[in-house]
Amino acid sequence: MALLDILVYPDPRLRNKALPVEVFDETVGKLVEDMAETMYAAPGIGLAATQVNVAKRIVVIDTSEHQDRLQVFINPVLTGMGELVETEEGCLSVPGVIVPVKRHSEVHISALDKNGEPFELHASGLLAICIQHEVDHLDGKVFVDYLSQLKRDRVRKQLLREGRSSGKSFDKRKEPVTAS
Ligand code: GNR
Ligand code: NI
């Protein structure tokens, strides 16, 4: 078991699009274990492989009250259902920021478990919100993308100022000093 480093926005690697898992070997099993450990330690209710710089379509979630029910979703496919609901969301890759995001209140999920066995699930409540948030990560999307550009810029500058983002291709000296 190992704790993995979580990428922080605006790290450009959060924009990577994850590829489907095709081989279910011990590498996948180890990654799932390490992702779960990392999520519980954070603590968070979900984690996508993209956040630990692995471009594979793997998500771990635990929305149970006592954080004792791990759910693993590999190559998840969602069908959004129900009305759109606004929930206050946070993200381990955007520390300190909680903003309202609109999501489907219910989703149908098709996915594979860690052994490659397919399963289907109908989710509502926090699990429905969380899986939509995680599949966005797999597609290179971060919840701040739903904010206005002004608010997103504020979040980006704040995190760069705090020096929490370690995006190597972000040359902080080239950040314009004057905002237009
Ligand atoms: O820990 C998390 N909490 C959370 C709260 C509301 C909506 C989504 C989430 S997911 C987040 C963990 C995370 O960043 N997963 O990508
Ligand atoms: Ni997140």
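From a predicted model like this one, the values you see are computed outputs, not experimental measurements. (Residues numbered from 1 in each chain as written. Chains lettered and ligands numbered in written order. Predicted model: local features only at pLDDT ≥ 70, side-chain atom pairs only at ≥ 80, totals over all residues. Heavy atoms only, no water.)

### Digging into the coordination of the nickel ion (ligand 2)
Of the protein atoms, only Cys91 (SG), His133 (NE2) and His137 (NE2) coordinate the nickel ion (ligand 2), at distances of 2.1 to 2.3 Å. Sequence spacing of the donors to the nickel ion (ligand 2): C-x41-H-x3-H. Taken as a pair, His133 and His137 lie in helix 2 (residues 125-138) at a separation of four residues, close to a single helical turn. Each member of the pair, His133 as well as His137, carries the same accessibility label: buried. (Donors = N, O, S within 2.8 Å, 3.2 Å for Na, K, Ca; no water. Helix = DSSP H or I, 4+ residues; strand = E, 2+ residues; numbered from the N terminus. Buried < 20%, exposed > 50% of the residue type's maximum accessible area, 1.4 Å probe, protein only.)

### A closer look at the site of ligand 1
Around ligand 1, the neighbouring residues are Gly44, Ile45, Gly46, Gln51, Glu88, Glu89, Gly90, Cys91, Leu92, His133, Glu134 and His137. Between ligand 1 and the protein, one listed contact pairs an oxygen atom with a side-chain N or O atom of Gln51 at 2.8 Å. Between His133 and ligand 1, the recorded distance is 3.1 Å, taken from a side-chain N or O atom to an oxygen atom. Protein burial of ligand 1: of its 390 Å² of free accessible surface, 89% is covered by the chains. Every element with two or more residues in the shell around ligand 1 is listed here: strand 3 (71-89) and helix 2. (Near = heavy atom within 4 Å. Polar contact = N/O pair within 3.5 Å; in protein donor to acceptor, adjacent residues only side chain to side chain. Areas by Shrake-Rupley, 256 points an atom, 1.4 Å probe, with all protein chains shown as cover.)

### Focus on the sheet that holds strand 5 (residues 118-124)
As summarised here, the arrangement of the five strands in space is 1-2-3-4-5, forming an open sheet in which the pairing is antiparallel. Taken across any chain shown, the strands that pair with only one partner, and hence form the sheet edges, are strand 1 (46-48) and strand 5. With direction set aside, neighbouring strand axes in the sheet form an average angle of 30°. When strand 3 meets strand 4 (residues 99-112), the two strands line up antiparallel, connected through 12 bridges. (Pairing = 2+ DSSP bridges. Axes fitted to C-alpha atoms, helices over the stretch in contact; angles between N-to-C directions.)

### Considerations on the state of the cysteines
As used here, a disulfide is simply a covalent bond connecting the sulfur atoms of two cysteines. Within the structure shown, the criterion is met by zero disulfides. Among the cysteines around Cys130, which has no disulfide bond, Cys91 carries the closest sulfur, lying 9.8 Å off. Judged by its relative accessible area of 5%, Cys130 falls in the buried class. (Disulfide = S-S within 2.5 Å.)

### Quick look at unusual backbone geometry
Cis geometry is adopted by the peptide bond preceding Pro10, which originates at Tyr9 and carries an omega value of 5°. Here Pro10 is to be found in the segment before helix 1 (26-41). Even without being glycine, Asn53 reaches a positive phi, approximately 60°. Along the polypeptide, Asn53 turns up in the loop between strand 1 and strand 2 (58-61). In this structure Asn53 comes out as partly exposed when scored by relative accessible area, which is 37%.

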